[in-house]
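Summary of the model geometry
If you want the building blocks of each chain, they are given just below.
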Amino acid sequence: MMAGYLLARAGVNVAVLEKHADFFRDFRGDTIHPSTLELMHELGLLEEFLKLPHQQLREIRGIFNGHTVPMADFSRLPTHCKFIAFMPQWDFLNFLAAQAKKFPTFALHMQHEVIDLLFENDRVVGVRAKTPEGERDIYADLVIGADGRNAITHTRADLELRDFGAPIDVLWMRLSKRPDDPPQSLGFFQHGKLLVLLDRGDYFQVGFVIPKGNLDQIKQRGLPALHQDILQLGPFLKDRITELDDWSKIKLLTVQINRLKKWCRDGLLCIGDNAHAMSPAGGVGINLALQDAVATANLLAAKLRERTVSVTELEEVQKRREFPVKLIQTMQVFIHRRINGRTSGTGDKLPFLPRLFLWFPFLRTIPARLIGIGPRPEHIHSPLMR
Ligand SMILES: Cc1cc2nc3c(=O)[nH]c(=O)nc-3n(C[C@H](O)[C@H](O)[C@H](O)COP(=O)(O)OP(=O)(O)OC[C@H]3O[C@@H](n4cnc5c(N)ncnc54)[C@H](O)[C@@H]3O)c2cc1C
């Protein structure tokens, strides 16, 4: 959506295809990072955007074995907004879509599921989409595959995927929120286990990290045992844990960390989770996907308005974005060694690493920068056509 918005804004004819009828999915986190808010500022959209209901998180705290530790302090970031805005992703996407539709060069086609690529002499020249009216072939000078993990576009294009292995999956569920609940802290850590609570106004979106492939085992132990596992990390949820009274209320989200060796071929460019599926660790995948979109528009918009782009020009996007992606994925692999849903100790001592954040508060600026802005931040350089 962001790439579509920026390219349409630059005068390139764009058709965004989305397989669902709406954007109401709850499976992808709600974080709008300071870097994204900065992009909104650069686009002149920030004021309007912040009118949408959201919560502002100025500091990330983790609860480690019951000890509260401030981990990231956004107050010193060199951005207009020194906070993460928590907003359901569907509100963000609907906002961007509404802004994009102001450009006559933009079209959004819902319920258009890409099922194949169209080729001419080994060049990708479009896509075949399944729509309520039947199959439809759509031709384009460039196909941007932003179809997330398990993307059909990179599979059909035979692009090689390297998997770095994520030892976790996430159980995703809802629990109601009460006025006297502790303020948003995000993570409750305990000896390799992690419970995440995203504040969505009147309820918590709850993520509980489990070892990969362990759901059947967890089901065999039964719901009361799962309730106990969750309560061990978040005891204040005791009065409502029985809201989870059926397995249908608990969704399994599989976590992947992988990266395409080549992000493009003639006529096709892959960005976001399609080119590099991100783990939820650190909550930065949305930011990276958006930054890819901005880099794509910066590097290609002016050219696409005039002509088709070459593979060498498409490769520039990978050259620009691969370093930040590699760095963050390496950190995610490191985090998974410690937080993998398996019990790795006992006691209520505060572990050494988080203890450092208590001893040396200036260290909190490092995660703030990595999460809030990320390495090699992008700024809007693509043109605005009137
Ligand atoms: C459990 C979990 C929690 C996470 N939490 C966070 C978080 O809090 N913060 C964060 O920054 N990151 C988080 N991430 C990572 C983040 O979700 C991804 O990195 C990010 O969503 C990638 O964005 P994307 O646009 O590339 O892909 P997606 O968000 O997956 O979007 C792909 C879009 O393409 C559509 N689509 C797919 N296939 C087709 C098709 N064939 N035809 C047409 N449309 C199609 C989909 O419906 C979807 O709208 C989390 C990941 C997981 C697994």
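Right, let's walk through the structure included here. (Residues numbered from 1 in each chain as written. Predicted model: local features only at pLDDT ≥ 70, side-chain atom pairs only at ≥ 80, totals over all residues. Heavy atoms only, no water.)

1. Quick word on the overall build of the chain
When you go through the chain residue by residue, the secondary structure sums to eleven helices and 20 strands. Its C-alpha radius of gyration of 21 Å places the chain within 12% of the 21 Å reference for a compact globule of 386 residues. With the C-alpha coordinates of the chain rotated into their principal frame, the extents come out at 65 × 45 × 35 Å. Evaluated residue by residue, the chain yields a buried proportion of 54% over its 386 residues. Within the chain, contacts between residues separated by at least 24 positions form 76% of all contacts whose residues are at least 6 apart in sequence. (Helix = DSSP H or I, 4+ residues; strand = E, 2+ residues; numbered from the N terminus. Rg over C-alpha atoms; globule rule 2.2 N^0.38 Å. Buried < 20%, exposed > 50% of the residue type's maximum accessible area, 1.4 Å probe, protein only. Contact = heavy atoms within 4.5 Å.)

2. Description of the sheet that holds strand E8 (residues 113-120)
Spatial strand order, E8-E9-E10: three strands in an open sheet with antiparallel pairing. Among the strands making up the open sheet, the edge pair consists of E8 and strand E10 (134-139). Direction aside, the axes of adjacent strands within the sheet are offset by 25 degrees on average. Summarising the sheet, E8 and strand E9 (residues 123-131) pair through seven bridges and their orientation is antiparallel. Bridge pairing in E9 places Val114 opposite Ala129. (Pairing = 2+ DSSP bridges. Axes fitted to C-alpha atoms, helices over the stretch in contact; angles between N-to-C directions.)

3. So, unusual backbone geometry
Leaving glycine aside, a negative phi is the common case for residues, and trans is the common case for peptide bonds. For Asn65, which is not glycine, the phi dihedral falls at a positive 45 degrees. On the secondary structure map, Asn65 appears in the loop between strand E4 (59-64) and strand E5 (67-73). Of note in this structure, Asn121 is not a glycine but carries a positive phi near 50 degrees. Following the sequence through the fold, Asn121 ends up in the loop between E8 and E9. Taking the relative accessible area as the measure of exposure, Asn121 reaches 81% and is therefore exposed.

4. Here we look at the sheet that holds strand E6 (residues 84-86)
Read from one edge to the other, the open sheet built from three strands follows the order E2-E6-E3, with strand pairing classed as antiparallel. Each edge of the open sheet carries a strand with a single partner, namely strand E2 (31-32) and strand E3 (55-57). Here three bridges tie E3 to E6, and the two strands are oriented antiparallel to one another. Directly across from Gln55, in E6, lies its bridge partner Phe86.

5. As for the environment of Phe95
Mapping Phe95 onto the fold places it in helix H4 (residues 89-100). Owing to a relative accessible area of 8%, Phe95 belongs among the buried residues under this scheme. Here the alpha-carbon distance between Phe95 and Leu45, two residues 50 residues apart in the chain, equals 9.9 Å. When sequence neighbours within four positions are dropped, the list of residues in contact with Phe95 reads Met40, Leu45, Glu48, Phe49 and Leu52.

6. A few points about the site of the ligand
Lining the immediate environment of the ligand, one finds 26 residues, of which Glu18, Arg28, Thr31, Asp273 and Ile286 sit closest. Between an oxygen atom of the ligand and a side-chain N or O atom of His20, the distance comes to 3.2 Å. Note that an oxygen atom of the ligand is positioned 3.1 Å from one of the backbone N or O atoms of Gly283. Here the ligand, which alone exposes 1000 Å², has 87% of that area covered by the protein. For the shell around the ligand, the secondary-structure elements that each account for two or more residues are E8 and helix H8 (285-306). If you tally residues by element for the shell around the ligand, the top one is H8, at three residues. Across the shell around the ligand, the residue classes break down as ten nonpolar, nine polar and seven charged. (Near = heavy atom within 4 Å. Polar contact = N/O pair within 3.5 Å; in protein donor to acceptor, adjacent residues only side chain to side chain. Areas by Shrake-Rupley, 256 points an atom, 1.4 Å probe, with all protein chains shown as cover. Nonpolar A, V, L, I, M, F, W, Y, C, P; charged D, E, K, R; others polar.)

7. Some thoughts on the packing of H8 against helix H9 (residues 311-338)
Packing of H8 against H9 leaves a shortest axis separation of 9 Å and a crossing angle of 160 degrees. The angle between H8 and H9 falls in the class roughly antiparallel. Judged by the sense of rotation from one axis to the other, the crossing of H8 with H9 is right-handed. Residues Leu288, Gln291, Asp292, Ala295, Thr296, Leu299, Leu300 and Lys303 of H8 form the contact with H9, whose own contacting residues are Glu313, Leu314, Glu316, Val317, Arg320, Arg321, Pro324, Val325 and Ile328. When its residues are assigned to classes, the contact of H8 with H9 shows nine nonpolar, two polar and six charged. (Parallel < 35°, antiparallel > 145°, perpendicular 65-115°, else oblique. Left-handed = near helix turned anticlockwise from the far one by under 90°.)

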